[in-house]
Amino acid sequence: MTSLSLSSASNNDGANNESSHYIYTTLDDDADCTTTFTSSRNLQHVLHTIEHAAYAASKIALATSGQIAIQSTKANLRDLVTESDVRCQQVIKEIILKEFPNDLFLGEEDVDLSSANGGSSGASRAALEAVLERGARSTSRSTKEEEERLVFIVDPIDGTTNFQAGLPIYAMSIGVVALPPSSPSSSSSSSPEVVAGVIYNPALGEMTSAVRGRGCYLNNRRIKPPSQQEDNDQNHHHLPPRTSILNQSLINVGFPVSKESTLRASSKAVTALATKVRGLRMVACASQAMAWVAQSKFSAYFSWDLNGWDVAAGIVIVEESGGLVSKMMIVEDDGDESSSRAGVDTRDMIITCPCERKGEEGLLRDELVEVLLENDCLEY
């Protein structure tokens, strides 16, 4: 493999040289969304900024994919870093903080995953907790008590191993968490919410975007849940819910390289599911897998020991598409989906696409959990 220096690509970082073919998302004001949310921030502006940041970083990625050497490793020899990862994050950070200088930024390449107690999992968990706590403190001191503080959580190149090998399965992933304003009227139980996200695969030209309460979009086209699509209304929507859909599902299985134990859990899951599903895939890029779940290309994706930057953007994208982002756990049949809902700090997740028929919400997730539990895949 010929190594390529970034000196030839670095002049493509800025906004002034932006190509006219880039597509920006215009949010629907009257979208029939699956969630409701109100914010004190201009989330259309937030979305355009993070889309622009992803586009700017993609110029470096496209110029160097498959041609750049490994710069270092993180958790182990399977966890790669290239010069492009670092430079893409610099570009993204500069663009975001220029627009939002009073908000916070957490990028994967800022975190030393090899030095903290608890290994890479401990380091990433501590970094996420620290930035959220810092944002909460600054929000409580703000004179603008009704304005949320934003935290931009970034993986500049998710799927670095694919990227370094020249495979077109990698993405810029930028999620935006809103920290609730602290005031006497604020509920102490309020928790951080992912309010906007983009996952951009420049090799495929796919910009998947979402804003909480405003819908999910692929290249500025709304992604509607199958149950809301007109052709589905005539074919599936009014049919009774099925009792099993696992054998009709295309599942992406995570390949978490941080620990030997997570790789063993993944291997056991593949063996357990191989004869029970329509097909298994392992794309080794969490954000891309979540974008494809939102687009209903994958029926589901699950993985262990995920980091906040792996999933922040994908959480809002999947949920706004009508899918579920759930903890990898037993879900009690009490009708309360909120108890199983995953957040940006959840490390083991099952993500499922929008259901085709009413009454099937959570069915595929529960079937997957049952198989994983029976085959000892939940613990690692």
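Residues numbered from 1 in each chain as written. Predicted model: local features only at pLDDT ≥ 70, side-chain atom pairs only at ≥ 80, totals over all residues. Heavy atoms only, no water.

What follows is about the sheet that holds strand β11 (residues 279–281). Spatially, the 5 strands line up as an open sheet ordered β11-β10-β12-β14-β13, and their pairing is mixed. The open sheet terminates on both sides in strands that have one partner only, identified here as β11 and β13 (324–327). Along the sheet, successive strands turn relative to each other by an average axial angle of 20 degrees, direction set aside. Its contacts with the sheet put helix α7 (residues 286–294) on β10 (250–253), β12 (300–303) and β14 (349–352), and the angle it makes with β12 is roughly 150 degrees. (Pairing = 2+ DSSP bridges. Helix = DSSP H or I, 4+ residues; strand = E, 2+ residues; numbered from the N terminus. Axes fitted to C-alpha atoms, helices over the stretch in contact; angles between N-to-C directions. Contact = heavy atoms within 4.5 Å.)

You will see that N220, though not glycine, has its phi angle at about 70 degrees, which is positive. Along the chain, the position of N220 falls in the loop between β8 (215–218) and β9 (221–222). Within the chain, D305 stands out as a residue other than glycine whose phi angle is a positive 55 degrees. Relative to the elements of secondary structure, D305 occurs in the loop between β12 and α8 (308–321). The exposure class assigned to D305 is buried, which follows from its relative accessible area of 7%. (Buried < 20%, exposed > 50% of the residue type's maximum accessible area, 1.4 Å probe, protein only.)

Attention now goes to the pairing of β8. Within a regular strand, side chains alternate between the sheet's two faces. Two elements, strand β7 (residues 206–211) and β8, share 4 bridges in a ladder whose sense is antiparallel. Looking across to β8, one finds that V211 is bridged to G215. Hairpin connection of β7 to β8: 3 residues between the antiparallel strands, including G213 at a positive phi of 80 degrees. Here β8 folds back onto β9, and the loop between the two strands holds 2 residues, one of which, N219, carries a positive phi near 50 degrees.

Interhelical geometry of α7 versus α8 gives an angle of 0 degrees and a closest axis separation of 9 Å. For the element pair α7 / α8, the angle class is roughly parallel. Across from A286, S287, M290 and A294 in α7, the residues of α8 making contact are D310, V311, G314, I315, I317, V318 and S321. Residue composition of the contact of α7 with α8, by class: 7 nonpolar, 3 polar and 1 charged. (Parallel < 35°, antiparallel > 145°, perpendicular 65-115°, else oblique. Nonpolar A, V, L, I, M, F, W, Y, C, P; charged D, E, K, R; others polar.)

Here the focus is the pairing of strand β5 (residues 171–179). Most of β5 is tucked away: 9 of the 9 residues are buried. Residue alternation in β5 divides its side chains into two sets, A171, S173, G175, V177 and L179 and M172, I174, V176 and A178, and both sets are buried. Direction of pairing for strand β4 (residues 149–158) relative to β5: antiparallel, over a ladder of 8 bridges. Counterpart to V151 in the pairing with β5 is V177. Direction of pairing for β5 relative to strand β6 (residues 193–201): antiparallel, over a ladder of 7 bridges. Across the sheet, S173 pairs through a bridge with I199, a residue of β6.

With that out of the way, let us pick up the sheet that holds β9. Strand order in this open sheet of 7 strands is β3-β4-β5-β6-β7-β8-β9, and the pairing throughout is mixed. One side of each edge strand has no neighbouring strand; the edge strands of this open sheet are β3 (104–107) and β9. Pairing analysis gives 6 bridges linking β6 to β7, with the strands arranged antiparallel. Looking across to β7, one finds that Y200 is bridged to M207. The strands touched by helix α1 (residues 43–64) are β4, β5, β6 and β7; relative to β6, the strand with the most contacts, the crossing angle is about 30 degrees. Sheet strands touched by helix α2 (residues 83–99): β3, β4 and β5. Its angle to β4, the strand with the most contacts, is close to 155 degrees.

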